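What follows is the residue order along each chain.
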Amino acid sequence: MKLQDILKKVDRKSKKRVAVAQAADKEVLTAVKHALEYDLANFLLVGDENEIQQVAEIVGVDLSDGRIELKHVPEQSLTATEAVKSVSEGYSDVVMKGQIDTKIVLKAVLNKEYGLRDGKVLSHVAVFEVPNRDKFILLTDSGMNITPTLEEKAQIISNSVKVAEGLGINMPKVAPLAAVEVVNPTMPATIDAASLTQMQKRGQIKDCIVDGPLAFDNAVSFEAASQKGIQSDVAGQADILLVPAIEVANALYKSFVYFAGAKVAGVISGAKAPIVLTSRSDTAESKLYSLALALLTSEEK
Ligand SMILES: CCCC(=O)SCCNC(=O)CCNC(=O)[C@H](O)C(C)(C)COP(=O)(O)OP(=O)(O)OC[C@H]1O[C@@H](n2cnc3c(N)ncnc32)[C@H](O)[C@@H]1OP(=O)(O)O
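The sections below set out a description of the structure shown in this document.

Analysis parameters
Residues numbered from 1 in each chain as written. Predicted model: local features only at pLDDT ≥ 70, side-chain atom pairs only at ≥ 80, totals over all residues. Heavy atoms only, no water. Phe/Tyr/Trp six-rings, centres within 6.5 Å; stacked < 30°, edge-to-face > 60°. Helix = DSSP H or I, 4+ residues; strand = E, 2+ residues; numbered from the N terminus. Buried < 20%, exposed > 50% of the residue type's maximum accessible area, 1.4 Å probe, protein only. Near = heavy atom within 4 Å. Polar contact = N/O pair within 3.5 Å; in protein donor to acceptor, adjacent residues only side chain to side chain. Nonpolar A, V, L, I, M, F, W, Y, C, P; charged D, E, K, R; others polar. 1 Å grid on protein atoms, 1.4 Å probe; cavity = no way out; pocket = protein on both sides within 12 Å on 5 of 7 lines; lining within 4 Å. Points joined across faces, edges and corners; volume = space filled by probe spheres on them. Pairing = 2+ DSSP bridges. Core = buried A, V, L, I, M, F, W, Y, C linked by side-chain atoms within 4.5 Å. Axes fitted to C-alpha atoms, helices over the stretch in contact; angles between N-to-C directions. Parallel < 35°, antiparallel > 145°, perpendicular 65-115°, else oblique. Left-handed = near helix turned anticlockwise from the far one by under 90°. Contact = heavy atoms within 4.5 Å. Arc of directions from axis to C-beta.

Taken as a whole, this structure holds three aromatic pairs when the rule is applied. Ring plane angle 85° and centroid distance 5.4 Å describe the contact between Phe128 and Tyr253, whose orientation is recorded as edge-to-face. Here Phe128 is found in strand S5 (residues 123-129), whereas its partner Tyr253 is found in helix H10 (residues 246-260), with 125 residues between them in sequence. Judged on exposure class, the residue Phe128 and its partner Tyr253 are both buried. Ring geometry for Phe128 against Phe256: centres 4.8 Å apart, planes inclined by 90°, an arrangement best described as edge-to-face.

As structure tokens, this is what we get:
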């Protein structure tokens, strides 16, 4: 399956509305334009009306299209508030981060009064289509949780399993990453990885197979795993990479894209509604795929 295929899987019958926080951006509005061409969703564009009009003209978005509404909010941080409120009040179905700091969007999503918390840990899940790899690889969490605890990692796995299921990956294989594939008491990531493995075996983490610790090469390459003599249901064929800290995931994310030529889609999972969350430097294509992934995930709820 390719990321392009997600576009076909989105249900067009019950069309969803996407609220875009700080929409005045070329890549964001190009993604909106393509989403309209594929008839994926309706849009509420939140931001400075003049700026949105100017950028829309440049990228060729027809703002008189009945599937688009504008909400004039000149103050940047308030665009996140308005987009999130629009979802929590039931007008929109999905939040999309536009040209705005990730933190501002996440703080609005976590807001106790009008946010989208659902009593669980929220986490970022990125889906990569890597050239010469025959299946997607999911990476979590490169966008939200900074240094998750063991309990949080278990919930982060569950969030990523939901996204995997939305893509048709059943019983995904999860590799909790570390620098080595054995437990080393001086490396906390290895202890958590072993605990998560046991938690899955005992039914505390469901609908997936967890095995770790695994180093990145053992997780994705059968050859590397067999050279180390690793016997594992996950080694060499991981669907989901769980990393111990945001810096590791963020560096892997960017290296997949910049060095391996990967295509990516990213969402926040675990909230009352999905949130499209890509890096501001990600392309319009990536934002379009992320939007489709969020719409697909929202159908699962
Ligand atoms: C991947 C591509 C895009 C990127 O490159 S993104 C770039 C990197 N990402 C970032 O910079 C964001 C990293 N994360 C953060 O900055 C912060 O953790 C974040 C999400 C803004 C939250 O920070 P603060 O608002 O300071 O939150 P806090 O720790 O004081 O907690 C406030 C309340 O929110 C809760 N909370 C925080 N993170 C949560 C989570 N993941 N899931 C569920 N609830 C969460 C927290 O428990 C607290 O709740 P309460 O007030 O005690 O009830």
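Still to come is the rest of the account.
Surveying the vicinity of the ligand reveals 23 residues, the closest of which are Lys107, Lys112, Leu122, Gly143 and Met144. At 3.0 Å from an oxygen atom of the ligand is found a side-chain nitrogen or oxygen belonging to Lys112. Measuring from an oxygen atom of the ligand, one finds a side-chain N or O atom of Asn250 at 3.4 Å. At the level of secondary structure, the elements contributing two or more residues to the shell around the ligand comprise helix H5 (102-110) and H10. Counting residues per element, the shell around the ligand draws most heavily on H5, at five residues. Broken down by class, the residue content of the shell around the ligand amounts to nine nonpolar, eight polar and six charged.

Turning our attention to empty space enclosed by the protein. Following the criterion strictly, the structure yields one cavity of 30 Å³ or more and no others. Here the largest cavity is characterised by a volume of approximately 40 Å³. Residue lining of the largest cavity: Lys153, Pro176, Leu177, Ala189, Ala193, Leu196, Leu242, Val243 and Pro244, and that is the complete set.

This next bit is on the sheet that holds strand S1 (residues 16-21). Taken in spatial order, the eleven strands of this open sheet run S3-S2-S1-S4-S11-S10-S5-S6-S9-S7-S8, and their pairing is mixed. Every other strand in the sheet has two partners, leaving strand S3 (68-72) and strand S8 (209-210) as the edge strands with one partner each. As paired strands, S1 and strand S4 (residues 94-97) are joined by four bridges and run parallel to one another. Across the sheet, residue Ala21 finds its bridge partner in S4, namely Lys97.

Our next topic: the nonpolar core. Core analysis: the largest hydrophobic core is formed by 58 residues, its most contacted members being Leu29, Phe43, Leu138 and Leu167. Among the nonpolar cores identified, the runner-up in size contains 24 residues, and Ala21, Ala83, Val84 and Leu116 belong to it.

We now examine the packing of helix H6 (residues 150-166) against helix H7 (residues 188-201). Packing of H6 against H7 brings their axes to within 10 Å, and their N-to-C directions diverge by 55°. For the element pair H6 / H7, the angle class is oblique. The two elements H6 and H7 cross, and the hand of that crossing is right-handed. Across from Leu150, Lys153, Ala154 and Ile157 in H6, the residues of H7 making contact are Asp192, Ser195, Leu196 and Met199. Broken down by class, the residue content of the contact of H6 with H7 amounts to five nonpolar, one polar and two charged.

Buried within H5 are the following residues: Val105, Leu106, Ala108 and Val109. Along the axis of H5, the buried residues cluster in a sector spanning 160°; they form a single face. Exposed positions of H5 whose direction lies more than 90 degrees from the buried face are Lys103 and Lys107. Looking at the packing, one finds that the buried side of H5 touches helix H4 (76-88), S4, strand S10 (263-269) and strand S11 (275-276). N-cap assignment for H5: the residue whose side-chain oxygen lies 3.0 Å from the backbone N of Lys103 is Asp101.

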